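Breakdown of the fold
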Amino acid sequence: MAMSMLERVATAATMGTPDVVPCAPLVCGAAHRFSGQTYEEWSRCEDPEAMVAGGLAAIEYADMCGIVLLVDLTVEAGAFGCETIFPVMDTAHPNYDDPFIKGPGDYAKVKKINPRETGRMKGVLDQIAGYSKAIGETHAIVGFVYGSLGTLSMMRGPEAFFMDLVEHPDEVMGALEIMDDVLAEYAVAQKEAGAHAVCYDNLYASESILSKPLWRKFEGKGMLKVCDAIADSGALVVHHNCGNGIYFDELEKYGHPHAVSHAYVADDVDSWEEHKKKWGSKICTIGWMPPGPVAMLGNEEEIEEEVKAEMEIFKPGGGFIQSTGCEFPPNAPLKHAKMIVDAAKKYGVY
């Protein structure tokens, strides 16, 4: 008997071998086209029922194995008080012209909030509950939490924030500790709403952004707190990092992930083949199709060839979920998401 989509994801995420490699391009914002909303309306999370309806239609259209509850990376920052700009046809972002944290003294403005009732966090929880009611027994529902380091940098502005890490570490750390408590509660609330797994985005844990010691100092223990809360709640722990040269050893130590969604190899290997050999038997890989040049701009033949090539490396032995290495572009043709799934069905049978 064929496995359900949820069974395939759960098997692969726990390093097993399902009947077919599960596939779910990270279709998030692109689903707004099925919701009857503009991208701006979708981003505001003011009508979770419409968002769920759009996501369900996208899942059915492309025959995806589940959905990740990523709206954008300002959901958490906005809930903590950061002004958010909602472009009509672009991703929401902080108002960098008037940042919430204007100087080192403003880190004290970060206060504990209730994620179950605050801002778009509540909208995400309402969506998870809606998905759980509709497909909770058949498809994978993955919550999403943007890590405290990334969230706080958006509230300050990246350039000034990086300077503060060196020049004002105590002020930064005080705000991060408050955030980590809230994010742990937020992650647990996602599990309680019906998520099977919760994804922690640790973008800064990569060579492309912070050194390993600096990342460890400011986010290591905080990530451990959130990921332990996820595990203790009974959900699977998933990480996302689309940076280059990901610190997989740090993720393993401070996050204990079942799976990592990523676009590039770990910092301690030089190829996907080496990554499979070193990490592929320990942590499930979710990815890693390039979202822009292939998922969005590639033709059917190019998409199929990419899926085939990735399957040849990561399919053997299980522990692989075919997806895009980062969000499926909100303005990409949704038929391309279906092409990815169709190719995975073709080359993913065990």
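Residues numbered from 1 in each chain as written. Predicted model: local features only at pLDDT ≥ 70, side-chain atom pairs only at ≥ 80, totals over all residues. Heavy atoms only, no water.

Turning to the environment of Ala30, a few remarks are in order. Locating Ala30 in the fold gives a position in the loop between helix 1 (5–13) and helix 2 (39–44). Look at Ala30 and you get buried, because its relative accessible area is 0%. Here the alpha-carbon distance between Ala30 and Val145, two residues 115 residues apart in the chain, equals 19 Å. In contact with Ala30, not counting residues within four places along its chain, are Phe328, Pro329, Pro330 and Leu334. (Helix = DSSP H or I, 4+ residues; strand = E, 2+ residues; numbered from the N terminus. Buried < 20%, exposed > 50% of the residue type's maximum accessible area, 1.4 Å probe, protein only. Contact = heavy atoms within 4.5 Å.)

Below, the discussion takes up empty space enclosed by the protein. With the rule as written, the count across this model stands at two cavities of 30 Å³ or more. Approximately 70 Å³ is the volume found for the largest cavity. Listing elements by their share of the lining of the largest cavity, those giving two or more residues are helix 3 (48–62), strand 1 (66–68) and helix 5 (119–135). A volume near 50 Å³ is recorded for the second largest cavity. The wall of the second largest cavity is formed by Leu69, Leu70, Val71, Asp72, Val75, Glu76, Val124, Phe144, Tyr146 and Tyr186. Only helix 4 (75–79) and strand 4 (140–146) provide two or more residues apiece to the lining of the second largest cavity. Of the residues contributing to the lining of the second largest cavity, the split by class is eight nonpolar, no polar and two charged. (1 Å grid on protein atoms, 1.4 Å probe; cavity = no way out; pocket = protein on both sides within 12 Å on 5 of 7 lines; lining within 4 Å. Points joined across faces, edges and corners; volume = space filled by probe spheres on them. Nonpolar A, V, L, I, M, F, W, Y, C, P; charged D, E, K, R; others polar.)

Bringing the nonpolar core into the picture now. Counting residues in each nonpolar core, the largest one holds 118 residues, and the members touching the most others are Val27, Val110, Leu149, Leu152, Met155 and Phe328. No other element matches helix 8 (residues 169–193), which puts 11 residues into this core. Those residues in contact with Met155 that sit more than four places away from it in its chain are Ala77, Phe80, Cys82, Pro99, Phe100, Ile101, Val110 and Met179. (Core = buried A, V, L, I, M, F, W, Y, C linked by side-chain atoms within 4.5 Å.)

Taken as a whole and assessed by the stated rule, the structure comprises 11 aromatic pairs. On the numbers, 5.8 Å between centres and 45° between planes, the contact of Phe34 with Tyr61 is tilted. Taken together, the residues Phe34 in the loop between helix 1 and helix 2 and Tyr61 in helix 3 connect sequence positions 27 residues apart. Overall, Tyr61 belongs to the partly exposed group, its relative accessible area being 33%. Arranged with centres 6.4 Å apart and planes meeting at 50°, the rings of Phe161 and Phe162 form a pair that is tilted. A relative accessible area of 0% means that Phe161 is categorised as buried. The cationic tip of Lys315 hangs over the ring face of Tyr350; the distance from NZ or CZ to the ring centre is 5.3 Å. (Phe/Tyr/Trp six-rings, centres within 6.5 Å; stacked < 30°, edge-to-face > 60°. Lys NZ or Arg CZ within 6 Å of the ring centre and 35° of its normal.)

Everything listed here is a matter of geometry and, on its own, says nothing about what the molecule does.
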